[in-house]
Structure formats: C-alpha cells, structure tokens
Amino acid sequence: MKNSILNHYLFDAFSVASDNMFVYVTDIRNDLTRWSQKAVEYFDLEGEYIYDVKTKWIDYIYPDDREEYKEDLIATITGRKQMHNVQYRARNKYGEYVWVECRGSVIKNENGEPIVFAGIMTRLDNQNKYDNLTKLPTVYEFQQLDFDTVEGSLMLVGIDGFRKINNRKGVLYGNQVLILFAKLIELCVSKDCRVYHYQSDEFLVYAQNTNADKMKEFFEHLTVLCAKGDREHGINGFSISGGVVQIEKGSTAFMEVATKVVNAISAAKESQTHFVCYSREIEEKQNRKNMVAEALNDSIRNDFKGFELFYQPIMAKNGERLIGCESLLRWNPDHPEIGNCYPNEFIPILENNGGIVEVGYFVMREAIRQASEWQSRGIDIRVSFNVSYLQFEDRNFINALIATAEHYHADTSRIIVELTESVFASDTVMIRKSFELLHQHGFMIALDDFGTGHSSFWMLHNLDVDIIKLDQTFIRGLGKDDDTEVDLAIVRSVAVLCETLDYLTIVEGVEDEYVINTISEYNFTGMQGYHFSKPVPKKRFEEYISQYC
Ligand code: C2E
Ligand code: CA
Ligand code: CA
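Here the structure is a predicted model, which is why all the values come from computation and not from measurement.

Of the regular secondary structure elements, the protein chain holds 19 helices and 19 strands. Against the compact-globule benchmark of 24 Å for 549 residues, the protein chain has a radius of gyration of 26 Å, which places it among compact chains. Counting only C-alpha atoms, the protein chain reaches 75 × 60 × 50 Å along its principal axes. Considering only intrachain contacts with a sequence separation of at least 6, the fraction spanning at least 24 residues in the protein chain is 63%. When the accessible surface of the protein chain is totalled, it reaches about 26800 Å², and 49% of it is carbon and sulfur. Taking the average place of the 57 positive charges on the side chains of the protein chain and the average place of its 83 negative ones, the gap between the two points comes to 3 Å.

Below, the structure written as structure tokens:
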C-alpha cells in the first residue's frame, strides 16, 4: 500500500518496540489507519490497514467505556484537547476485555488542517499494579480477587466535576487534589477496607462483612473532609459522589460488579444526596441513558440527522402581535426503542458528555440562518436561541457566532442569545469578555429562567444582560396554586426591577387568559407560553407569522 503518511520508516521502528505497546497512525483525509503488526495479532484486527477505524474500533471497546473514549477522541480531533489520553477496556483475540491506555495526538498541515492522528496504546493488564500518583493499588489488583468467594460491599467514590478542576487550575493542581482525596479516603474508611484507584478521579473501597449503611457513614465523613480541602497547601474544598453495590458470594464476576457500581455513581452524581445504592431501577435508567447517548452520538456523526429547530412565538403585551420566537431543539432519533425524547432528557446527556458543544454549533447556525432568511423576507421578529454554559467555555464559539452572522448577513440586533444561570459556574472574567464581544457586534443577551438559580441578582450585578426571562414556575400557577400571592409578589417586584434598570422582560409559561389579564398591568415586553402556541416546526410557525406579524 502506497501512502507516505502511513509507510514511514519510523512507524516500522516503533512498532517492534514492545510487547505491551501498540502503535497506530491515521491518515485523516483518507480515513485510513495503520496498526502495528502486534496490535493486529493481539486484537485479531481485520488487517494492518483499516478504513473508517473509528466505527470499527468502537466494537472492540467495552460498552461502558465507549462514551468516554469517543468523547476524548472527538475533543482531540476537533482541537478542544491537546492530547488523546484515555484508559478503557478493549477486547483481545481471546474475547477478554483488557485495560489499555490510549494516547495520541493530531498533527496539522501548514493550513491548520488535521492530517495525521498518531499514537500509542499501552496494555495495562500485566503492569501498573500501583497508581503512580496516589500509590494505591489499581483496579487490576482488585480484578485479581477471587470473585467466587468475594462478598461484602463495594463503593466507588469520585470527585464532582474533576475534569473542570483540571481544565481551570491545571494538571499539577489536579494531581494534588487526587493525592489529597486518596489520603482522605484511607483516613475515613475502617481498617478492614481496601482502597483501589479505579480511574482518573475515581476510587474503589471494598470491604468484606460490611453493608451499604456502613459505606454511607464512610461517605458522609469523607464528604465533610473533602469540602474543607487543604488550606495549608492551597487546595480548595470539593464535592464528591459515591455509588455502592452489595456483592453476594459466588454470584458475580468483576465486570458485572464494576458495571453496577459505575451505574450507581452515575446516578449519584445527579442525585441531591450524591450517594446512591445500586438497584435494578437505577440500572434501567442508566441503560436508557447510555442508549440515548449512543444514539445522540450517531446523530451528531451523521451530520446532525434527526435534530431540528422548532420555534415558539413570543407575543407583545396584549398577546396580539408577534414580536419574536425562541428556537428550541428537537430530536427524532430513528431508533426502535427510544421513542419520544425531549430536551429535558437529552440536553443534560449532551452537557454531560460534551456533545452539547457540537450540537450547540448546529443550533446556532440554524437559528442565525433562519433569522437571516426571515429578515431578508422583511419579517421583523427577534429570534433567540439557547446556549449552554459549556459552549461559553469554548473559546471558538463566540467567534464562530459572529462569523456566522456575518456569513448570513444577519441583522444581529434581532438575534438574542439565551443563557441560563448555570453560566455562573464558568469563569466570570471570560464570560464578561464574551458578553462584551457579543454586544460590540450588536447581539442581545437574555438571562433565561430568571429566579430559579441561586445567583440571579449576582448575575445582574456582575454581567451586562439586556433581557430577563422570568421563569415559568412563577407564572404557570397564577390563579391556580395556593402560592398565587407569593408568585404575584415576585412578578410585581421583577416588573419594578426591570423597569428601574431598563431591562426588556419576557414572561414564560403563559398558559391561559387569566395570566394575561393578571400581568397586563405590568410593562412586560413579551409573553411566551402554550396559550399562544407550543414550539412548532418552521412551516407551522410561518403560518403564525402571516397571522400575527
Ligand atoms: P427553556 O430555555 O426554558 O425553554 C422553554 C421550555 O419551556 C421549552 O421546553 C418550552 O417548550 C417550554 N414551554 C414554553 N411555554 C410553556 C408553557 O406555557 N407551559 C409549559 N409547561 N412549558 C412551556 P423544551 O423545548 O422542552 O426545552 C426545555 C429546555 O431544554 C429549555 O428550557 C432549554 O433549557 C433546553 N433547550 C432546548 N433547546 C435547547 C438548545 O437548542 N440548546 C440548549 N443548550 N438548550 C436547549
Ligand atoms: Ca430558553
Ligand atoms: Ca426558560
């Protein structure tokens, strides 16, 4: 095979280097990968040269590890991450899953286009008995236990948002956090517990003759210590999550136990208590999540197939004139088991695995393209779209937004970027800069779901927003709930706030005439809600335009 990228003499030199290491190099433009001969033999690959290896290699990876692998790979290829570095389990020629560490990087040509992806995969099965950083035994040691006789309780504990800590404060700081975490775990658990490093920021605690209640006690103690951090050494407090599974004698194998405890910690990360014991219900929820995550990734890879923007009208004060719309994402996967799947389910999954960044680009392009099309037809409405805080952390996003508006010759003063209070979790200096840039280019910024977070007033105080969207929780119950008085007081004070500080205000969740009448005495800019229309496809929305614009 003639391919100057793949047939470099260095490849031959490296590929014979070691038994535990495999070398690969991908010619990105031709989507052709070459593997070292030892990898071909060990994994029983279809050959030394493989087209479309991304799709094929996925099959070799243990299902639970696929997401992390894909996420890391996409981040590396798209330039969000400098180096592909991930540990996962891959199936060898004997059908066994072995742990490997895959590291690789992208090489670009002089025009900045990625041309080569090359790296090394290291087998971890017969080495790395101890974690270099924390000096704790690794999961491979845990795997060596005789699972016919093992019984007791197994807990997996991890640091919430560790990736973020690493990104913001650097790897060296991250390492110190991990060392402290490992120390605190050993301090909290009883002497008969054994602690293992599982992966990244996650550790296993195993104890015979211990039940979930006891593990919960350890966890609570650990939570308190971690929240304190280590001031003396400049380490801030951090929060943690834990999942527990009970192991019955003779009934389990390592993979089964590992899957259960990983499912439990995933559920814990979303629960208020941050601690969850494994149950069938949790497993089912987790399975659905994995299935949805997989299908979402397929859609993204398939040029966003199944994603579409719907539009929900925003009406002027008396509800008779259309002044704008909110673009809301819909996803119709061509999948027999998934059925209906709405943003409240799929957006958190995308935010969790980083997919929101790519989907966010799609939403932004579509919304701006659509806004520009309506503008060129003389339709005067404001078009808004939602941006997740993770997109604001992507330096290129704001520039791409500006470039997209220029590309479509869109009037940016009619385009609104909606952000929820979760942007608060991001770096304030960076958000301020992004806001400034957006304003310089004429865009408007709306603070979404106003009143639901902990930082509404902080946001107003610190950031320059143009529009406040009062959350629907204060509106939907007006006239129906016992809380009407409280809700009314909130509505009234937001009205005063917006008038005094000159914000435009949009009221969400207007579901009936009663609400319109109740809030009509305030000077709100717009109303949005099912009373006027649910979010609808473009065609249906255009009927709305001809009726109310
Ligand atoms: P949101 O930005 O607060 O969007 C408003 C949500 O309220 C929409 O739900 C809309 O259908 C619903 N809604 C509007 N009027 C009423 C009403 O009168 N009554 C009730 N009960 N609900 C009403 P949807 O489309 O399911 O979206 C849910 C959330 O998902 C959005 O909340 C937003 O946070 C997120 N989302 C949707 N599309 C996108 C997107 O393109 N990007 C990002 N990052 N997030 C999105
Ligand atoms: Ca919104
Ligand atoms: Ca909202």
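Further remarks concern the pattern of salt bridges. Tallied over the full model, the rule gives 29 salt bridges. Residue Arg301 is joined to Asp298 by a salt bridge in which the shortest nitrogen-to-oxygen separation is 3.0 Å. Highlighted residues: Arg301 and Asp298, both in helix α10 (residues 280-301), separated by three residues, approximately one helical turn. With a relative accessible area of 48%, Arg301 lands in the partly exposed category. Here Glu543 ties to Arg540 by a salt bridge, and the two come within 3.2 Å at their closest N and O atoms. On the criterion of helical spacing, the pair formed by Glu543 and Arg540 is a turn pair, its members being three residues apart in helix α19 (residues 538-548).

Protein-derived ligands of the calcium ion (ligand 2) are Glu326 (OE), Asn386 (OD1), Glu418 (OE) and Asp448 (OD), with the metal-ligand distances lying across 2.1 to 2.3 Å. In this structure, the calcium ion (ligand 2) lies 4.0 Å away from the calcium ion (ligand 3), the two metals sharing Asp448 as a donor. Of this pair, Glu326 sits in strand β13 (residues 322-331) while Asp448 sits in strand β16 (residues 444-450), and the two are 122 residues apart along the sequence. On the basis of relative accessible area, Asp448 is assigned to the buried category, the value being 5%.

Right, let's get into the coordination of the calcium ion (ligand 3). Working reference: metal with six octahedral donors, ideal angles 90 or 180 degrees; metal with four tetrahedral donors, ideal angle 109.5 degrees. Surrounding the calcium ion (ligand 3) are the protein donor atoms Asp448 (OD), Asp449 (OD), Glu508 (OE) and Glu508 (OE), at 2.2 to 2.5 Å. Donor residues for the calcium ion (ligand 3), ordered by position in the chain, follow D-D-x58-E.

Inspection of the region around ligand 1 gives 23 residues, with Arg330, Asp448, Gln472, Glu511 and Tyr530 positioned closest. Contacts to ligand 1 include Glu326, whose side-chain N or O atom sits 3.1 Å from an oxygen atom. Contacts to ligand 1 include Arg330, whose side-chain N or O atom sits 2.8 Å from an oxygen atom. Summarising the interface, the protein chains cover 87% of the accessible area of ligand 1, which totals 790 Å² for the free molecule. Secondary-structure elements contributing two or more residues to the shell around ligand 1 are β13, α11 (343-353), α12 (355-376) and β16. Considering every element that reaches the shell around ligand 1, the biggest residue donor is β13, with four residues. Split by residue class, the shell around ligand 1 holds nine nonpolar, seven polar and seven charged.

Before going further, it helps to spend a moment on the packing of helix α9 (residues 254-270) against α10. Interaxial distance between α9 and α10 falls to 9 Å at its minimum, and their mutual angle equals 80°. Between α9 and α10, the interaxial angle falls into the category roughly perpendicular. Every residue of α10 that contacts α9 at Lys260, Asn263, Ala264, Ser266, Ala267 and Glu270 is listed here: Ile282, Glu283, Gln286 and Lys289. Per-class residue counts for the contact of α9 with α10 are three nonpolar, three polar and four charged.

The next subject is α10. Between its first and last C-alpha, α10 extends 31 Å over 22 residues, near the 32 Å set by a 1.5 Å rise per residue. Buried residues of α10: Ile282, Glu283, Gln286, Val292, Ala293, Ala295, Leu296, Asn297, Ser299 and Ile300, and no others. Looking one or two residues past α10, Asp303 carries a phi angle of roughly 60°, positive in sign.

Strand pairs in the sheet, formed through backbone hydrogen bonds, run parallel or antiparallel to each other. Spatial strand order, β3-β2-β1-β6-β5-β4: six strands in an open sheet with antiparallel pairing. In this open sheet, the two strands that pair with only one neighbour each are β3 (49-51) and β4 (84-91). Between one strand axis and the next, the sheet turns by 25° as a mean value, whatever way the strands run. This element, helix α4 (residues 63-77), spans β4, β5 (97-108) and β6 (114-123) of the sheet and lies at about 150° to β4.

Moving on, we come to a nonpolar patch on the surface. A surface patch of nonpolar side chains, about 370 Å² in accessible area, is lined by Tyr9, Leu10 and Phe14. Within the secondary structure, Leu10 sits in helix α1 (residues 9-15).

Take unusual backbone geometry next. At Asp31, a residue that is not glycine, the phi angle is positive and equals roughly 50°. Positive phi, normally seen in glycine, also occurs at Asp449, with a value near 50°. If you trace the backbone, Asp449 turns up in strand β16. The class of Asp449 is partly exposed, set by a relative accessible area of 24%.

Okay, the state of the cysteines next. Here is the idea: a disulfide is a covalent bond, and it sits between the sulfur atoms of two cysteines. Throughout the structure, instances matching the rule amount to zero disulfides. Not engaged in a disulfide, the cysteine Cys325 finds its nearest cysteine sulfur in Cys549; these two sulfurs lie 9.9 Å apart. Look at Cys325 and you get buried, because its relative accessible area is 0%.

As a further point, take the sheet that holds β16. An order of β12-β13-β14-β15-β16-β17-β18-β19 is seen for the eight strands of this closed barrel, with the pairing classed as mixed. In this structure, strand β18 (residues 504-507) lies alongside strand β19 (residues 526-527), joined through two bridges in parallel fashion. Its bridge partner being in β19, Ile506 is matched across the sheet by Gly526. Across the sheet, α10 touches β12 (307-316) and β13, and the angle it forms with β13 is around 110°. Along the sheet, helix α17 (residues 484-501) makes contact with β16, β17 (467-470) and β18, crossing β17 at roughly 175°.

Next up on the list: the nonpolar core. Generally speaking, soluble globular proteins have nonpolar side chains that are buried together. If you look at the biggest cluster of nonpolar residues, it comprises 84 residues, and the most contacted ones within it are Phe307, Trp331, Trp374, Phe385, Leu401, Ile519 and Phe541. No other element matches the 11 residues that α12 contributes to this core. The residues contacting Phe385, other than those within four sequence positions of it, are Ser327, Val363, Met364, Ala367, Ile368, Leu401, Ile415, Ile416, Val417 and Glu418. By size, the runner-up hydrophobic cluster in this structure holds 33 residues, among which are Leu178, Phe219, Ile240 and Val244.

Thresholds, definitions, all that
- Residues numbered from 1 in each chain as written.
- Chains lettered and ligands numbered in written order.
- Predicted model: local features only at pLDDT ≥ 70, side-chain atom pairs only at ≥ 80, totals over all residues.
- Heavy atoms only, no water.
- Helix = DSSP H or I, 4+ residues; strand = E, 2+ residues; numbered from the N terminus.
- Rg over C-alpha atoms; globule rule 2.2 N^0.38 Å.
- Contact = heavy atoms within 4.5 Å.
- Areas by Shrake-Rupley, 256 points an atom, 1.4 Å probe, with all protein chains shown as cover.
- Lys, Arg positive; Asp, Glu negative; His and termini not counted.
- Charge placed at Lys NZ, Arg CZ, Asp CG, Glu CD.
- Salt bridge = Lys/Arg side-chain N within 4 Å of Asp/Glu carboxyl O.
- Buried < 20%, exposed > 50% of the residue type's maximum accessible area, 1.4 Å probe, protein only.
- Donors = N, O, S within 2.8 Å, 3.2 Å for Na, K, Ca; no water.
- Near = heavy atom within 4 Å.
- Polar contact = N/O pair within 3.5 Å; in protein donor to acceptor, adjacent residues only side chain to side chain.
- Nonpolar A, V, L, I, M, F, W, Y, C, P; charged D, E, K, R; others polar.
- Axes fitted to C-alpha atoms, helices over the stretch in contact; angles between N-to-C directions.
- Parallel < 35°, antiparallel > 145°, perpendicular 65-115°, else oblique.
- Expected span 1.5 Å × (residues − 1).
- Pairing = 2+ DSSP bridges.
- Patch = residues over 30% accessible without salt bridge, like charges linked within 9 Å, V, L, I, M, F, W, Y side chains within 5 Å.
- Disulfide = S-S within 2.5 Å.
- Core = buried A, V, L, I, M, F, W, Y, C linked by side-chain atoms within 4.5 Å.

Worth remembering: the numbers are spatial, not functional.
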